[in-house]
Every structure is written in structure tokens, then in C-alpha cells.
Amino acid sequence: MAARRRTGGARRTLRFVLGDQLTRPVSSLIDLDPEHDVVLMVEVRDEATYVRHHKQKIAFLFAAMRHFAAELEAEGIAVDYVRLTDPDNAGSFTGELERAVARHRPDRVVVTEPGEWRVLQMMQDWRETLPVPVEIRGDNRFLCPREDFARWAEGRHHLRMETFYRGMRRRTGLLMDAGEPAGGRWNFDAENRKRLPKGQRPPDRIGFQPDPMTREVIALVEQEFAGHFGDLAQFSWPVTRSDALAALRHFIAQCLPTFGDFQDAMKIGAPFLYHALLSPALNAGLLTAEETCWAAERAYREGAAPLNAVEGFIRQILGWREYVRGVYWARMPEYRDTNALKAGRDLPWFYWSGETGLNCIAQVVTDTRAHAYAHHIQRLMVTGNFALIAGLDPAQVEEWYLIVFADAYEWVELPNVHGMVLWADGGVMGSKPYAASGAYIDRMSDYCGSCNYDVKVKSGPRACPFNYLYWNFLIENEDRLAGNQRMSMPYRTLRGMTDRRRGEIRHDAATFLASLGGRPAPVSQGGPD
Ligand code: FAD
Ligand code: DLZ
Ligand code: SF4
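Cut-off values and rules
Residues numbered from 1 in each chain as written. Chains lettered and ligands numbered in written order. Predicted model: local features only at pLDDT ≥ 70, side-chain atom pairs only at ≥ 80, totals over all residues. Heavy atoms only, no water. Salt bridge = Lys/Arg side-chain N within 4 Å of Asp/Glu carboxyl O. Helix = DSSP H or I, 4+ residues; strand = E, 2+ residues; numbered from the N terminus. Buried < 20%, exposed > 50% of the residue type's maximum accessible area, 1.4 Å probe, protein only. Near = heavy atom within 4 Å. Polar contact = N/O pair within 3.5 Å; in protein donor to acceptor, adjacent residues only side chain to side chain. Areas by Shrake-Rupley, 256 points an atom, 1.4 Å probe, with all protein chains shown as cover. Nonpolar A, V, L, I, M, F, W, Y, C, P; charged D, E, K, R; others polar. Axes fitted to C-alpha atoms, helices over the stretch in contact; angles between N-to-C directions. Parallel < 35°, antiparallel > 145°, perpendicular 65-115°, else oblique. Left-handed = near helix turned anticlockwise from the far one by under 90°. Contact = heavy atoms within 4.5 Å. Pairing = 2+ DSSP bridges. Right-handed = clockwise from strand over helix to strand, strands pointing away.

1. What about the pattern of salt bridges?
- The final tally for this structure, using the stated rule, is 37 salt bridges.
- Note that Asp 31 and Arg 137 form a salt bridge whose closest N and O atoms lie 2.9 Å from each other. Here Asp 31, found in the loop between β1 (13-16) and β2 (38-42), pairs with Arg 137, found in strand β5 (residues 134-137); they are 106 residues apart in sequence, far enough to count as distant.
- The class for Asp 31 is partly exposed, based on a relative accessible area of 36%.
- For Arg 137, a relative accessible area of 14% corresponds to the buried category.
- Each of the salt bridges in this network shares a partner with another, and the network as a whole consists of Arg 15, Asp 31, Asp 37, Arg 108, Glu 135 and Arg 137.

Laid out in C-alpha cells, this is it:
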């Protein structure tokens, strides 16, 4: 379509910024012309309910969107901001974009590609259905462009993070000395598995008191999404770039030096430990991955944080975060439909209520409800490990993870859950499933001390369910996993077990699993009413 010319020959561009694209130099805003262009931002019900997100996630995003819009306006940029309760709100990205095109009659629409496959399908439809051209630009906030990852992944069945990560270290120069990894090693994980000593008190979380704009959003969410999972009382996420930068500085100064040592530790009543709490800000664009990694590298170079901590942290962002995004885009949409271990049990109700005798799960669900947050090992080795060894249905588990965390978007949630936790991709991401018995949780946490079950007991009603579910998982998946070299040790142990012991395991597991009940909620309706 020919562009209509305006004063001075300038074109009017409608720049549609999604709620997780709140970065001033994002590709859709890079060539913004404040004289003629309009930025469109929309709060829409579809995005808050396609899964019923945790209340804090919705509040975080709406608050961050409103603050971002206000900052653009303060720069003199025209922002058309549609609020959730605006009477004509069409409720969807497509409906709101159509309305905005009719209102502004732009010459073109510019967007940055979205984080989720389903939204990319919408954007591609806009090219067909809107009366103006739609330009979809690459997301310039990642360190590895999608095309580069796709090239790396081409022809490989197994996509190993470690290989990718080393390439990214070389590419960016992060923690590199004359072409070699700083300290002579790529990986310091072995030093990052300490249990938190009794009496050690991690620093307080840096909390951000909601300002009037955020308080208004919190009240809106309380009213409009009352039935969604989660509490708002302890909401204290940074919702502006300047607060997100303050959170980054706090992490670097107070937590990073100890981050590595206790990266895998878990403690009752201390959900944050030395973790960064930066994922909601990173994923919504208030911080960039690049500046976050370089801030950590600087702390190492200045002697303010040790290498094991800094490498461990940079690995999470430069490695894992970029890698899962690459896997997502390289393997979607087929990726989410695989179910290599044929798991199909309903998600137990206690994933929502936290009402269970399994203290580790009760603690993680309680933390998650209060903060829309659990740290990596809680997600991987408690709720994730249970889902794996209990054979829970991947689609229901994935929906739970997408709902309950403030940082959850499908591009990052799906590979972590489908690939890393559930091994539903048959080994694209992980060389073996991360299955573990109660001993792992006991080693890394203080959860077992106040549990209804006994982590040292292997069978019978007092036994920790993780213990017999672990072996039951190996028995049930013997055909699929026994040939996996990395599983040879546990399978050797299993083969050494008497029939009687195997029978005991099967019986304990069947009794426990039958008691779970589950919740026959349709997948699209996940979460409590
Ligand atoms: P820290 O532990 O301090 O780590 C620093 C940063 O590294 C994080 O902010 C995050 O940006 C990045 N990071 C660390 N691990 C990963 C990873 N495996 N994948 C991607 N980024 C990583 N992260 C999300 O952002 N959204 C999700 O929906 C999400 N779902 C997950 C589901 C499961 C089952 C698992 C095991 C992990 C998931 N993660 C997800 C990764 C990780 O748990 C969170 O990024 C982390 O807990 C966020 O807290 P933090 O900022 O305190 O992280
Ligand atoms: C998660 C979310 C929510 C709850 N609400 C909105 C919204 O009202 N408007 C918006 O632009 N974005 C929202 N988002 C983020 C989108 O879901 C996200 O942009 C897509 O999932 C693509 O990653
Ligand atoms: Fe969890 Fe088992 Fe420990 Fe209880 S005993 S907290 S169920 S690992």
C-alpha cells in the first residue's frame, strides 16, 4: 500500500509496544519520530486470562506499562494508552490494534517480534487483515539473535547448553582473558552447591513501595482478577527502569559475592536467599541482559565478587536464558506437543492450595503464592522433580508454571518445564531427566526437619514419597531410559534390587499416587476459581 505523505513528507508510524517490551531502545522505537509517530500500549483482558496469571504478574506488568508510558510522554512522545477498564476496550491485541489504526490512520504499524509463538501468529495475521503495512522487527534485547541460534541448532538433535554458552562467552568477551575463560575454567558449578549454614542470614530483599500509580493498578487487579491465584499484599517488584537499576545495584553489592555458594540452597521462610529477583524486570525489558552481565563482570574485575559467583550468575543469563529462548524459537510449535515419557497424571490440587503433608512442596507453593516467585532450585528440584517422578501431564504442569510466576512467558517457561524438568522433549535439552529422591532436598534445604514424612525412610506410610516415587519412575520408564548412559548407575542399582523390594516400591507409589486425586480442570482454565 502506498504511504500517505504528511507535512514535510514525514510518515506517521503507529508503534505498538507490548507489555514485555518496555525498553526505550527496543527495535520498534529505535527510529521513532516524536513529531509524527504515536506509541500504542494496551491493557487487554485476553493477555491476563489466556492463562489465569498470578495477580502479582498482572499488577507488575500493568504498573510497569503505565510507568513506561508516562516516561515516554515526559519525553514529548505521543502515547495512546488503552486502560483495561476503558469502556470500548476490545479485550485483545488484535481488536485494540484495529481500533487504533482506525483512530490514528497511520501509514504503517511497527512492532517488535513477541516473546510467544501464539502472539507471533497474531502479528502475521495483522499483515493480512490490517489496511496498512505491518513491519515486524527482530527483538534486539537478546544477545543471540534467533537466526544465529537457528543456524547453530540446525541439524542437531541434542542442543546442549554448555556448548552454546562457551560460544556466547567468546562472542561477547564476557569473562574472557585473551581468548581463554577467566580463571582457566568455563564452569564453577561444583563450588556452587553449599547448604546454607545454620544462623546465616541472607540480606533483606530490596523492596519497592508501590507508588500511587502502582497502588491504583493493585486495586484494579484485586477487583478484576479476584479469582486468580496469588496474593498482592507483599507486592514489591521494581516497576520502573530506575528501580530495576537500583535492584541490580543492590544485588551486585549485597548478594552477588555469596550468590554462587548458596545458589542451590533452600530455606524455610527465606525464599530469596542470595538470588537476584531480576527476572520480571529482565523479561519485561526494564533491564537488558547485556548490562546485567557486564555489571556482574565489573564486580569480578574490581575484586568485589569471586569468580565462582560471577561465572555462576553470568551463566544463568548469557547461557541459560539465551539458550532456552533459542530452543523455544528453533523448535516451536511442535516442541510443546511432545511427551517422551508418556506422562498423563492430573496436577494435584496441592499445587494451588499448598495443602499437603509434603513440606517441601507446601513451602514452595506458599512462597509462590505470596511473592509470585520461587528460585531456580525450588522450581527444578521440588515442584519440578515431583511433577517428573509422579508422571504429571506436561500440559497441566506447564500451565501451572506459566500462571504462578511473575517472570513467566512461554519462551522461557516452556523449555525449562517441558525440556529441563519433564524431559518431555526426549532429550533435546537435557542428556537425562533431573529425577532425584528426597536425599537431594534434604541435603540442600531445611524442609525435611518439619515434614510429616521421614526422608530417611524408604518404604511404608512414613517414607518420604520422593524416595519411592524416584525408583518407581525409573521402573516405569525402564524401556525408555535404561539405555541412557548417564542413567546407568541408578539402573544398575535397580537391577540389584530383589523382586520383593521392587514390589514394595510399586505398592507404595501406587497407594500414594492414588491418594492424589488431581483436578480435572480443563487445561485452559488452570488455577483455582
Ligand atoms: P537468579 O537465580 O538470581 O538468576 C539470575 C537470572 O538468570 C534470572 O533473573 C534469569 O533471568 C536467568 N536465569 C536463571 N536460570 C534460568 C533459566 N533456567 N532459564 C532462563 N533464565 C534463567 N525463568 C523465567 O524468567 N521465567 C520463567 O517462566 C521460568 N520458568 C522456570 C521454570 C522452571 C521449571 C525452572 C527450573 C526454571 C524456570 N526459570 C524461569 C528460570 C529461573 O528459575 C528463574 O529465571 C529464576 O528463578 C528467576 O529468579 P532470579 O532473578 O532471582 O534468578
Ligand atoms: C502478560 C501480559 C498481561 C497480563 N497483560 C498484558 C497486556 O494487557 N498488554 C500487553 O501488551 N501485554 C500484556 N502481557 C504481556 C503479553 O502477554 C506478552 O507481550 C506476550 O505474551 C508476548 O510475549
Ligand atoms: Fe519433601 Fe520428603 Fe523432605 Fe518431606 S521428607 S520435605 S516430602 S523431601
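2. Quick look at the site of ligand 2
- The environment of ligand 2 is formed by 18 residues, the closest being Gly 19, Asp 20, Val 42, Val 44 and Glu 47.
- Here an oxygen atom of ligand 2 and a side-chain polar atom of Asp 20 are 2.7 Å apart.
- At 3.3 Å, a side-chain N or O of Arg 118 approaches an oxygen atom of ligand 2.
- Within the complex, 100% of the 490 Å² of free accessible area of ligand 2 lies under protein.
- Contributing elements (two or more residues each) for the shell around ligand 2: α1 (45-49), α2 (55-74) and α4 (117-129).
- The dominant element in the shell around ligand 2, judged by the number of residues it contributes, is α2, at four residues.
- Residue composition of the shell around ligand 2, by class: nine nonpolar, three polar and six charged.

3. A few points about unusual backbone geometry
- In this model, Met 332 is joined to Pro 333 through a cis peptide bond whose omega is 5°.
- Locating Pro 333 in the fold gives a position in the loop between α11 (307-331) and α12 (350-353).
- For Leu 175, which is not glycine, the phi torsion reads 50° and is therefore positive.
- Mapped onto the fold, Leu 175 is located in the loop between α6 (161-172) and β6 (176-177).
- Look at Leu 175 and you get buried, because its relative accessible area is 0%.
- Unlike most non-glycine residues, Leu 273 shows phi in positive territory, near 45°.
- Assignment of secondary structure puts Leu 273 in the loop between α8 (241-259) and α9 (279-284).

4. Section: the packing of helix α14 (residues 376-389) against helix α18 (residues 465-476)
- The geometry of α14 relative to α18 is characterised by a closest axis approach of 9 Å and an angle of 45° between their N-to-C directions. Considering the angle they form, α14 stands oblique to α18. As for the relative orientation of α14 and α18, their crossing is left-handed in sense. Contacts between α14 and α18 involve Met 381, Val 382, Asn 385, Phe 386, Leu 388 and Ile 389 from the first element and Phe 466, Leu 469, Tyr 470 and Phe 473 from the second.
- Here the residues of the contact of α14 with α18 are counted per class, giving nine nonpolar, one polar and no charged.

5. Quick look at the site of ligand 1
- Surveying the vicinity of ligand 1 reveals 29 residues, the closest of which are His 275, Ala 276, Leu 277, Asn 283 and Tyr 373.
- Here an oxygen atom of ligand 1 sits 2.8 Å away from a polar atom, N or O, in the main chain of Ala 276.
- In this structure, a nitrogen atom belonging to ligand 1 sits 3.2 Å away from a side-chain N or O atom of Gln 316.
- Within the complex, the protein chains bury 99% of what would otherwise be the 820 Å² of accessible surface of ligand 1.
- Of all the secondary-structure elements, those providing two or more residues to the shell around ligand 1 are α9, α11, α14 and α16 (410-421).
- Looking at the shell around ligand 1 residue by residue, the class counts come to 18 nonpolar, seven polar and four charged.

6. Describing the environment of Trp 237
- Considering the arrangement of structural elements, one finds Trp 237 in the loop between α7 (212-224) and α8.
- When the C-alpha atoms of Trp 237 and Gln 56 are compared, they prove to be 8.7 Å apart, with 181 residues separating the residues in sequence.
- Among all residues touching Trp 237, those that are not within four sequence positions of it are Gln 56, Phe 60, Arg 205, Phe 208, Leu 277, Pro 280, His 371, Ala 372, Tyr 373 and Ala 406.
- Reaching out from Trp 237, the side chain makes a polar contact with the side chain of Gln 56 at a distance of 2.9 Å.

7. Things to note about the sheet that holds β2
- The five strands are arranged β3-β2-β1-β4-β5 in an open sheet whose pairing can be described as parallel. Among the strands making up the open sheet, the edge pair consists of β3 (78-82) and β5. Within the sheet, the average angular offset between the axes of one strand and its neighbour, ignoring direction, is 25°.
- Direction of pairing for β1 relative to β2: parallel, over a ladder of three bridges. Bridge pairing links Leu 14 to Val 38 in β2.
- Across the sheet, helix α3 (residues 93-104) is in contact with β1, β2, β3 and β4 (108-112); its angle to β2 comes to roughly 150°.
- Those strands touched by α4 are β1, β4 and β5, and its axis lies near 155° from that of β5.

8. Examining the pairing of β5
- Sheet topology note: the β4/β5 ladder contains four bridges and is parallel. Each bridged residue has a counterpart across the sheet, and for Val 111 the counterpart in β5 is Ile 136.
- Remark: the β4/α4/β5 crossover connection has right-handed handedness.

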